[in-house]
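Report on the structure
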Amino acid sequence: MTDLLDERCVQVLLPMSAGALYDYRVPPEMDLHLGQFVEVPLGPRQVVGVVWKENVTPSVAQDRLKSVLNILPCPALPSASLRFVDWVANYTVQRPGRVLRMCMSIPDALYPKAPKKGFRHTGKMPEKLTAARSRVLAVLEGGVARTAAEISELAGTSSSVLKGLESQQVLESVALPADAPIPEPDPNAGGFDLSELQQEAAVTLCAPVSQQIFSVSLLDGVTGSGKTEVYFEAIAECLSQGRQALVLLPEIALSSQWLSRFEQRFGVKPVEWHSDLGQGTRRKNWRAVIEGKAKVVVGARSALFLPFKNLGLVVVDEEHEASFKQDEGVPYNARDMAVVRGSLGKFPVILASATPSLETLVNAHSGKYTHVKLPSRFGGAVLPDVEIVDLKLHRPGSQRWISEPLQKAVDDVLVKKQQAMLFLNRRGYAPLTLCDACGHRLQCPHCSAWLVEHRLLRKLQCHHCGFSTGTPKACPDCEETGSFKACGPGIERLTEEAGLLFPDAKIAMIASDTLTSPSAAAEFVRAMTSGEIDILIGTQIVAKGYHFPNLTLVGVVDADLGLAGGDLRASERTFQLLSQVAGRAGRAEQRGKVLLQSHMPEHPVIEALAKQDTAAFMESERLAREEALMPPYGRLASLILSSTDAESVLSCCKELSRGAPYGDNFMIMGPAPAPLSMIRGRHRYRFLLKTAKDVNLQSVIRAWLKGKKIPSNTRLQVDVDPYNFL
Ligand code: ADP
Ligand code: ZN
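The sections below set out a description of the structure shown in this document. (Residues numbered from 1 in each chain as written. Chains lettered and ligands numbered in written order. Predicted model: local features only at pLDDT ≥ 70, side-chain atom pairs only at ≥ 80, totals over all residues. Heavy atoms only, no water.)

Notes on the pairing of strand S26 (residues 535–538)
Put simply, the rule reads: Burial classification: accessible surface area is computed with a 1.4 Å probe over protein chains only, and a residue below 20% of its type maximum counts as buried, one above 50% as exposed, and the rest as partly exposed. Labels follow the DSSP assignment, with helices taken as runs of H or I lasting at least four residues and strands as runs of E lasting at least two, numbered in each case from the N terminus. Following DSSP output, two strands are said to pair if at least two bridges run between them. For a crossover, the right-handed case is the one in which the path from the first strand over the helix to the second runs clockwise, viewed with the strands pointing away from the viewer.
Burial of S26 is two-sided: the residues Ile 535 and Ile 537 facing one way and the residues Leu 536 and Gly 538 facing the other way are all buried. Note that strand S19 (residues 419–423) and S26 share four bridges and pair parallel. Each residue of the ladder has a partner; that of Ala 420, found in S26, is Ile 535. Judged from the four bridges that link them, strand S25 (residues 507–510) and S26 form a sheet pairing that is parallel. What sits directly across from Ile 507, in S26, is Ile 535. Once the chain exits S25 it traverses helix H14 (residues 518–529) before rejoining the sheet at S26, and the crossover so formed is right-handed.

Rendered as structure tokens:
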């Protein structure tokens, strides 16, 4: 009989949506610790979870308490990761199990891969040395061990030759590691001599890395100032400390230039983490991270939830990017959570950008973050001239979008054998197709959005749900045939126009749907660098990060795009995006030029861009937010209710409205149909909660939702610090 007093009990967190903490008994012979991955019974099933709390008093009767079945052969989740999960769950008002699931996205990785069988020469010689046998011994010379497949390939022999040699004890079988080892980056492999300013910045960034303390630095430098080279120094310092480093990039799958620069600096490629990797690679990389063998990881936002054994630095490059915010699943902002991760793990965080977000700038100005500035381009390259083309004065003509001044500027560049880029942040041929006879607009059947024509694919597509269809023969409304008319330009249409205006130029069009893989991105970089492209026409995918020395002209076809709409960050984002685009021009010896086509040249964003006065623009944005008590001077959360059943959404809205809390320092707006009132056939209503800065917004939400029943056909998404207001 076991002594009840000696019985240990732990709480295990399960990586599930409904995941709560469950109590389990620890068998007396089991050596169980915090963070370990364990198998436990759950109803009739066996599931994997993580030991979350030790020595708890069980909440169920002893006789109903089940036992932990076994410990998985995987290092434990480090305690900083455990605290991070709890912190993120609390902040985003999500169940911890959902957050834990993001840390254990590769269930296979919890089990080490079985070693491979290999063969080694024992030193003994075979009784009869045939030609095949001597070829086998030749490829195993020097005591190397190889798998049967490798030997067969190298020696050109069949497996029966190996069997024969093994039976004569000429070969012995050995266990080989399942995965090839991860190559270690060398902090001293390469690198440039830094300029004095860069050197100073690097010293500031390295200090907290070597002291192993938490701090946040904003690396604020104009495009082309060498921010990447500078934060590479901090990574090198982190490697010298024997700790792991993580770099978050907004478009990791397409960052081939970044990867090759890393390789030049550190001699090897970093470990990657993003959704384009195959399952096998993800398994291997996850395991390498928790075992501490992956020294530098570069990844998309989800990499923040990897189980680092000994993380010593996080760099968030292009920290202002909205793509660090996840709207689906657990909504979180990886930039903000990186700062949290640093404070929990006691290591520094570097936020890098040429156009820092307002939130980050405010923290830098208040002294909460260290402000490291690189105000000039490296190597004397100067920032481009920016000119506004007033479209009211220079109308491009019917169904045309390139004005005369822009056309002339492109012609000049072509004569000089330099490159030009035309930027338009709109995929496809035309954003709207309507019937010329009755005015009917082609709309997605599942979303409250127009269908976008993609002429190259001969399709109309919905950019919200992916629905696609051929162009109907007749108008669905008035049944007129041949009456459809494309309205407005997308980059396909712009490419058509450029082909007419610049018939001898080599034109390439790049968008997220044409540049879908890292190899396609690498090929694009090669073609652009080797001068196989004269005019590049692209969306935001070509706006960032790329360095093309011969690109001297950037034409922004519609600088006003993005300024409209109810998004609190519309101006800020447009400013950042267009600054990034402008930053592609003239990055080497030749001075660059940027032309902004606009219908409202007097708009503060357009004016600030022309003057390149980032500070003044951000200050006016800051004042506006301060006045309206919007983030970072107030706090926001959105609650979106959605269902395919309109009735259910409305009755849920009523229920939530009825129970909405009151308070002096917060207000609840809505419910109102979301701007995109239908997506994928789901009706969407939104509440917006706005509080003063010092209010615990999460507890307001929890109190509000407490005891409310949301029917199973309706989804409630709580989004703290929303970025997407659609
Ligand atoms: P940013 O990230 O600020 O836009 P990058 O780090 O991409 O700037 O640097 C711009 C270009 O200048 C890159 O091609 C980079 O290799 C080069 N560069 C930056 N610093 C140096 C340096 N100290 N020596 C030589 N080349 C440098
Ligand atoms: Zn749709």
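Some remarks on the sheet that holds strand S22 (residues 459–461)
Reading across the sheet, the three strands line up as S21-S22-S23 and stay open at both edges, with antiparallel pairing between neighbours. Each end of this open sheet is capped by a strand with a single partner; those strands are strand S21 (452–454) and strand S23 (468–469). Sheet topology places S21 next to S22; three bridges connect them, and they run antiparallel. Considered in S22, the bridge of Val 452 is made with Gln 461.

Here we look at the layout of surface pockets
Worth spelling out the cut-off: Here a cavity is any set of points on a 1 Å grid over the protein atoms alone where a 1.4 Å probe fits but cannot get out, and a pocket is any open set with protein on both sides within 12 Å along at least 5 of 7 lines; a residue lines the site when it has an atom within 4 Å of a point. Grid points are joined across faces, edges and corners, and a volume is the space filled by probe spheres set on the points. Residues were grouped as follows: Ala, Val, Leu, Ile, Met, Phe, Trp, Tyr, Cys and Pro as nonpolar; Asp, Glu, Lys and Arg as charged; and all remaining residues, including Gly, as polar.
By volume, the second largest pocket is sized at about 1,100 Å³. Lining the second largest pocket we find 39 residues, and of these Thr 228, Arg 261, Gly 545, His 547 and Arg 587 sit closest to its centre. For the lining of the second largest pocket, the secondary-structure elements that each account for two or more residues are helix H7 (227–240) and helix H8 (256–266). Here the lining of the second largest pocket gets five residues from one element, more than from any other, and that element is H8. In terms of residue class, the lining of the second largest pocket is built from 12 nonpolar, 15 polar and 12 charged.

With respect to helix H3 (residues 131–139)
Selection rule: The arc in question is traced by the directions running from the helix axis to the C-beta atoms. Pairs of residues are marked as contacts when any of their non-hydrogen atoms sit within 4.5 Å.
Within H3, the full set of buried residues consists of Arg 133, Val 136, Leu 137 and Val 139. Projection of H3 onto a plane perpendicular to its axis shows the buried side chains occupying an angular sector of 165 degrees, all on one side. Check the buried side of H3 and you find it contacts strand S6 (116–121), strand S7 (146–147), helix H4 (148–155), helix H5 (159–167) and strand S8 (171–176).

Some remarks on the pairing of strand S16 (residues 348–353)
Counting buried positions along S16 gives six out of six residues, so the element sits mostly inside the fold. Taking every second residue as pointing to the same face, both faces of S16 are buried, with Pro 348, Ile 350 and Ala 352 on one and Val 349, Leu 351 and Ser 353 on the other. In this structure, strand S9 (residues 215–221) lies alongside S16, joined through six bridges in parallel fashion. Following the sheet pairing, Leu 219 is matched in S16 by Ala 352. Strand direction decides the pairing type here: strand S13 (residues 311–317) and S16, joined by four bridges, are parallel. Within the sheet, the bridge partner assigned to Val 315 lies in S16 and is Ile 350.

Looking at the coordination of the zinc ion (ligand 2)
The condition that has to hold: For Na, K and Ca the donor cutoff is 3.2 Å, while for all other metals N, O and S atoms count as donors only within 2.8 Å; water does not appear among the atoms, so some sites may look incomplete. Any coordination sphere not matching a tetrahedral pattern (four donors, all angles between 85 and 135 degrees) or a square planar or octahedral pattern (four or six donors, opposite donors over 155 degrees apart, other angles between 65 and 115) is reported as irregular.
Distances from the zinc ion (ligand 2) to its protein donors, namely Cys 444 (SG), Cys 447 (SG), Cys 462 (SG) and Cys 465 (SG), fall within the range 2.3 Å. Around the zinc ion (ligand 2), the four donor atoms are arranged such that angles at the metal cover 107 to 115 degrees; this shape is classified as tetrahedral. Taking the relative accessible area as the measure of exposure, Cys 462 reaches 3% and is therefore buried.

Quick word on the site of ligand 1
Put simply, the rule is: Near residues are defined by distance, with any heavy atom within 4 Å of the molecule or strand qualifying the residue. What qualifies as a polar contact is a pair of N or O atoms within 3.5 Å, subject to a donor-acceptor requirement within protein and to the restriction that residues adjacent in sequence count only when both atoms come from side chains. With residues, only the protein chains shown are counted as cover, and all accessible areas are computed by Shrake-Rupley using a 1.4 Å probe.
Close to ligand 1 lie 16 residues; Asp 193, Gln 198, Gly 224, Lys 227 and Arg 261 are nearest. Separating an oxygen atom of ligand 1 from a backbone N or O atom of Ser 225 is a distance of 3.2 Å. Bound to the protein, ligand 1 loses 84% of the 560 Å² it would expose on its own. With three residues, the single largest contributor to the shell around ligand 1 is H7.

Such coordinate-based values are descriptive only and should not be taken to indicate function.
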